[in-house]
Amino acid sequence: IRTATTACGNRLLEFGETCDDGSEIDGDGCSSACAFEGVTIEVEPNGETGQAMPTGATIGTGPVTLAGSIAPLGDVDLYAVTVPPGRTASLRAVTYTTTPHAVGTCESGVDTKMFVYDAGGSELAMHDDIQSGVNACSLLEGTTTPSLSNLASGTYFVAIQHYNHAKTIRSY
């Protein structure tokens, strides 16, 4: 019999951890004990703007972790992000699977595509693969996508889907 110890904060998802973001700081979405903080589970239907799931994200409170799935074929999950009046915000959204991968990576066969739309339905940004052929998760952030930095007050929508609608995704 062999025993193994886990090391929270090493960016590897190990037994007993639900996340490992490489830090041991609470309040960033993954606790110092490598457990998700405040995970919101997706509720269907949420494929149209009127049905979009509110993220609960507020400026100054840190990241929000959402869990969802893409099913049936062709499903698109929409999440609403609201920037309050008189404020601006930069958006960062990343898809990933949990077991046994580090935050920001997807298991084999999971290939997401992510879009951000403004309240009028205009596409602000789209991302397919973090690293083509290696990591098929999606990443959008204001630091590298100018259209997602300094967002004015209003509602924005993050859409997540299988990259070509040809498969379901058990969880992201």
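Provided above is the structure to which this section pertains.
Summarised in this report is the structure supplied together with it. Computed from a predicted model, the values in this text were never measured in an experiment.

1. Focus on the side chain of Thr95
As for its placement among the helices and strands, Thr95 is situated in the loop between β5 (92-94) and β6 (112-117). For Thr95, the side chain forms a polar contact with the main-chain nitrogen of Ser138, separated by 2.8 Å.

2. Describing the pairing of strand β4 (residues 76-83)
Looking along a regular strand, one sees side chains alternate from face to face of the sheet. Taken across its 8 residues, β4 has 6 buried, putting it largely inside the fold. With 2 bridges connecting them, strand β2 (residues 53-54) and β4 associate as parallel partners. When the sheet's bridge partners are listed, Pro54 is paired in β4 with Ala80. Across 8 bridges, the pairing between β4 and strand β9 (residues 154-162) is antiparallel. By the bridge assignment for β9, Leu78 is matched with Ala159.

3. Brief notes about unusual backbone geometry
Glu44 connects to Pro45 through a cis peptide bond whose omega is -5°. Within the secondary structure, Pro45 sits in the loop between β1 (39-41) and β2. The backbone of Asn150 shows a phi angle near 55°, a positive value even though the residue is not glycine. Relative to the elements of secondary structure, Asn150 occurs in the loop between β8 (139-141) and β9. Look at His165: it is not a glycine, yet its phi comes out positive at around 65°. By the element assignment, His165 lies in the segment after β9. Classification of His165 as partly exposed rests on a relative accessible area of 32%.

Rules used throughout
Residues numbered from 1 in each chain as written. Predicted model: local features only at pLDDT ≥ 70, side-chain atom pairs only at ≥ 80, totals over all residues. Heavy atoms only, no water. Helix = DSSP H or I, 4+ residues; strand = E, 2+ residues; numbered from the N terminus. Polar contact = N/O pair within 3.5 Å; in protein donor to acceptor, adjacent residues only side chain to side chain. Buried < 20%, exposed > 50% of the residue type's maximum accessible area, 1.4 Å probe, protein only. Pairing = 2+ DSSP bridges.

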